[in-house]
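A look at the structure
This is what each chain is made of:
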Amino acid sequence: MDKDRMYNFVKLYMMTYPRQMKAFDPYGKGHVTVLQFRRCLDMIGVSSLRLMYYPEAELSVLLLMYTDKESPERIKWKQFEDEINTGT
């Protein structure tokens, strides 16, 4: 999986990405549902069908990397954003 390629692409869209995620996380808890996370990535063009091609298998791995262990139906979008910003 080319996580760096995804991070670089999302960095280009950081003006809209956090705003979209925050719309799904009005209480600022730092997590959203899997469907909401996918929807936000799709809105900025990251998917197996959009501007930045990202294979479904790799997207599934990415989702697993950011799954909240205490609440597996949620994705830790804030951690994802922080890692993009720090380049880790």
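This text goes with the structure placed above it.
Residues numbered from 1 in each chain as written. Predicted model: local features only at pLDDT ≥ 70, side-chain atom pairs only at ≥ 80, totals over all residues. Heavy atoms only, no water.

So, the nonpolar core
- Met21, Phe37, Leu41, Leu62 and Phe80 are the most contacted members of the largest nonpolar core, which totals 16 residues.
- Only α3 (34-43), α4 (56-65) and α5 (77-86) provide two or more residues apiece to this core. (Core = buried A, V, L, I, M, F, W, Y, C linked by side-chain atoms within 4.5 Å. Buried < 20%, exposed > 50% of the residue type's maximum accessible area, 1.4 Å probe, protein only. Helix = DSSP H or I, 4+ residues; strand = E, 2+ residues; numbered from the N terminus.)

Here's the deal with the packing of aromatic side chains
- Tallied over the entire structure, the rule returns two aromatic pairs.
- Note on Phe37 and Phe80: the rings are 5.3 Å apart at their centroids and 80° apart in plane angle, and the pair reads as edge-to-face. Placement of the pair is Phe37 in helix α3 and Phe80 in helix α5, with a sequence separation of 43 residues. Side by side, Phe37 and Phe80 carry an identical accessibility label, which is buried.
- Where Tyr66 meets Phe80, the ring centres are 5.3 Å apart and the plane angle is 85°; that geometry is what we call edge-to-face. Here Tyr66, found in the loop between α4 and β4 (67-68), pairs with Phe80, found in helix α5; they are 14 residues apart in sequence, far enough to count as distant. With respect to burial, Tyr66 and Phe80 carry one shared label: buried.
- Through a chain of ring-to-ring contacts, three or more aromatic side chains come together here, namely Phe37, Tyr66 and Phe80. (Phe/Tyr/Trp six-rings, centres within 6.5 Å; stacked < 30°, edge-to-face > 60°.)

Note that every value here comes from positions in space, so none of it alone points to a role or purpose.
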